[in-house]
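# Overview (structure and organization)
Here is what each chain is made of, one letter per residue.
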Amino acid sequence: SKDIFEKFSSMILCSATLCTDSGFDFFVRQMGLKDQVYSDIVKLKKYPSPYYYSDQSKLFIINSSLELNLQAHIKRVADDILDISRRTNKRILVLCTSFKQIYEFESYINLSIDKNDRFLYQKKGISKNILISEYLKNKSSVLFGTNTFWEGVDFPNDKLEILILFKLPFANPKDPYVDANIKYYESRNMDPFSKYQLEDTILKLKQGFGRLIRSYSDMGVCIITDPRIAKRRYGQYIVDSLPVEPTYYSSSGILVEEISNFLK
């Protein structure tokens, strides 16, 4: 990074996802800017969001005893999605972290689907633009996406009113890039989970959450169905990095009632 920055007299780096609840520490480490920050060459500034998240959005987080990777948990979430879709008739975007999860959702939902349901699934080889076009044709579409749908898609107003994040977007530790970073942190006697993997996950989670509110007139509900947030010690740290306080839920019936009242 030193070679890049030395080529310019000044530079601005900006994004909605540069910091977590601990500030810019992770971004500074990953960009190799620690020395520049200490010498006051780099200025860090966080600006509040122009959106009124507490008024424009609701955040619900599952409180479940089921383990994340159990088939019973995937089936429970699939049943909840069906219930929410049929009783609210709102467009829903479900963000997964792998194609395998999407295929599993499809297999469960196909057992209960009827002619009025409109479910779309991102699969390898299917055009993202075609999926989006089909999704926008129906006001009660449910789209399951991964990878590219976590960022770079814009669904303002009623194009997206309910966002479901199935799983925290932890990167695969077997990925060569992730593995190299883990070893780098270990070599410097830093905990790779708390200082790298968790921070990276929070930034990706914020990117996913950012699909929901895209303008001052947007209203939307985000539902996170990863039970680890309620059960693990790091769960509160994740919650503190999101722009709205959550409500924990254990049944889709209560969830649907809350959503319907909010998205009247």
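Now for a look at the structure at hand. (Residues numbered from 1 in each chain as written. Predicted model: local features only at pLDDT ≥ 70, side-chain atom pairs only at ≥ 80, totals over all residues. Heavy atoms only, no water.)

## Examining the nonpolar core
So the rule is basically this: By nonpolar core is meant a set of buried Ala, Val, Leu, Ile, Met, Phe, Trp, Tyr and Cys residues that side-chain atoms within 4.5 Å join together. Burial here depends on accessible area, computed with a 1.4 Å probe over protein chains only, as a share of the maximum for the residue type. Under 20% is buried, over 50% is exposed, and the range in between is partly exposed. Only runs of H or I of at least four residues qualify as helices and only runs of E of at least two qualify as strands under DSSP, and these elements are numbered from the N terminus. Contact definition: two residues touch when any of their heavy atoms are within 4.5 Å.
Core analysis: the biggest nonpolar cluster contains 32 residues, and Leu59, Leu93, Phe149, Leu165, Cys222 and Ile224 have the highest contact counts within it. Every element with two or more residues in this core is listed here: β1 (57–62), β2 (92–95), α7 (128–136), β5 (162–165), α9 (192–209), β6 (220–224) and α11 (235–240). Element by element, the count of residues in this core is highest for α9, at 4 residues. Ignoring sequence-local partners within four residues, the contact set of Cys222 consists of Lys58, Leu59, Phe60, Leu163, Leu165, Phe209 and Leu212.

## Looking at the sheet that holds β6
Here is the rule: At least two bridges found by DSSP between two strands is the condition for calling them paired. Angles shown run from 0 to 180 degrees and are taken between the N-to-C directions of axes, each axis being a line fitted to C-alpha atoms and, for helices, limited to the stretch in contact.
Taken in spatial order, the 7 strands of this open sheet run β3-β4-β2-β5-β6-β1-β7, and their pairing is parallel. Strand pairing shows two members of the sheet lacking a second neighbour, β3 (119–121) and β7 (246–249), which therefore form its edges. With direction set aside, neighbouring strand axes in the sheet form an average angle of 20°. In the sheet, β1 pairs with β7 via 4 bridges, with the strands oriented parallel. Within β7, the position partnered with Ile61 by the bridge is Tyr248.

## A look at the packing of helix α5 (residues 71–88) against helix α12 (residues 252–262)
Selection rule: For any pair of crossing helices, the crossing counts as left-handed if the nearer helix is rotated counterclockwise from the farther one by less than a right angle, and right-handed if it is rotated clockwise. The classification used treats Ala, Val, Leu, Ile, Met, Phe, Trp, Tyr, Cys and Pro as nonpolar, Asp, Glu, Lys and Arg as charged, and all other residues, Gly among them, as polar.
Between α5 and α12, the shortest axis-to-axis distance is 10 Å and the interhelical angle comes to 35°. Pair α5 / α12 crosses with right-handed handedness. Here Asp80, Asp83, Ile84, Arg87 and Thr88 of α5 lie close against α12, whose contacting residues are Ser252, Gly253, Leu255, Val256, Ile259 and Ser260. Grouping the constituent residues of the contact of α5 with α12 by class yields 4 nonpolar, 4 polar and 3 charged.

## Re the pattern of salt bridges
Once the charged atoms of two side chains with opposite charge are near each other, the side chains can pair. This is how it is decided: Salt-bridge detection follows one rule: a side-chain nitrogen of Lys or Arg within 4 Å of a carboxyl oxygen of Asp or Glu.
Under the counting rule described, the total for this entry stands at 17 salt bridges. For Lys43, the salt bridge goes to Asp40, with nearest N and O atoms at 2.9 Å. Judged by relative accessible area, Asp40 falls into the partly exposed class, the value being 47%. A salt bridge links Arg214 to Asp154, with the shortest nitrogen-to-oxygen separation between them at 2.9 Å. Taken together, the residues span a long stretch of sequence, with Arg214 in the loop between α9 and β6 and Asp154 in the loop between β4 (142–145) and β5 at a distance of 60 residues. Using a relative accessible area of 30% as the deciding quantity, one classes Arg214 as partly exposed. Taking relative accessible area as the criterion, Asp154 reaches 47% and is therefore assigned partly exposed. Beyond isolated ion pairs, a larger network of salt bridges with shared partners links Arg86, Asp114 and Asp117.

## Structural notes on α7
Filter applied, for reference: Throughout, the arc means the angular range of directions from the helix axis out to the C-beta atoms. We define a polar contact as two N or O atoms separated by no more than 3.5 Å, with the added condition that, inside protein, one atom must be a possible hydrogen donor and the other a possible acceptor, whereas residues neighbouring each other in sequence contribute only through side-chain atom pairs.
Residues of α7 that are buried: Leu131, Ile132 and Tyr135. For α7, the angular spread of buried residues about the axis comes to 95°, placing them on one side. In this structure, α7 carries Asn129 and Ile130 as exposed residues pointing more than 90 degrees from its buried face. On its buried side, α7 packs onto β2, β3 and β4. For α7, the N-terminal cap is Ser127; the gap from its side-chain oxygen to the backbone nitrogen of Asn129 is 3.3 Å.

## A few points about a nonpolar patch on the surface
Let me state the cut-off plainly: Patch membership needs two things, relative accessible area over 30% and no salt bridge, and members are linked within 9 Å if like-charged or within 5 Å if nonpolar (Val, Leu, Ile, Met, Phe, Trp, Tyr). Accessible surface is estimated by sampling points in the Shrake-Rupley manner with a 1.4 Å probe; for residues, cover comes only from the protein chains shown.
A cluster of nonpolar side chains, namely Ile4, Phe8, Met11, Leu13 and Met31, defines an oily patch on the protein surface of about 440 Å² accessible area. Within the secondary structure, Met11 sits in the loop between α1 (2–5) and α2 (25–31). Exposure remark for Met11: the relative accessible area of 35% places this residue in the partly exposed category.

## Describing the side chain of Ser140
Its location among the elements puts Ser140 in the loop between α7 and β4. Judged by relative accessible area, which is 15%, Ser140 ranks as buried. The residues contacting Ser140, other than those within four sequence positions of it, are Ser85, Asn89, Lys90, Arg91 and Arg118.

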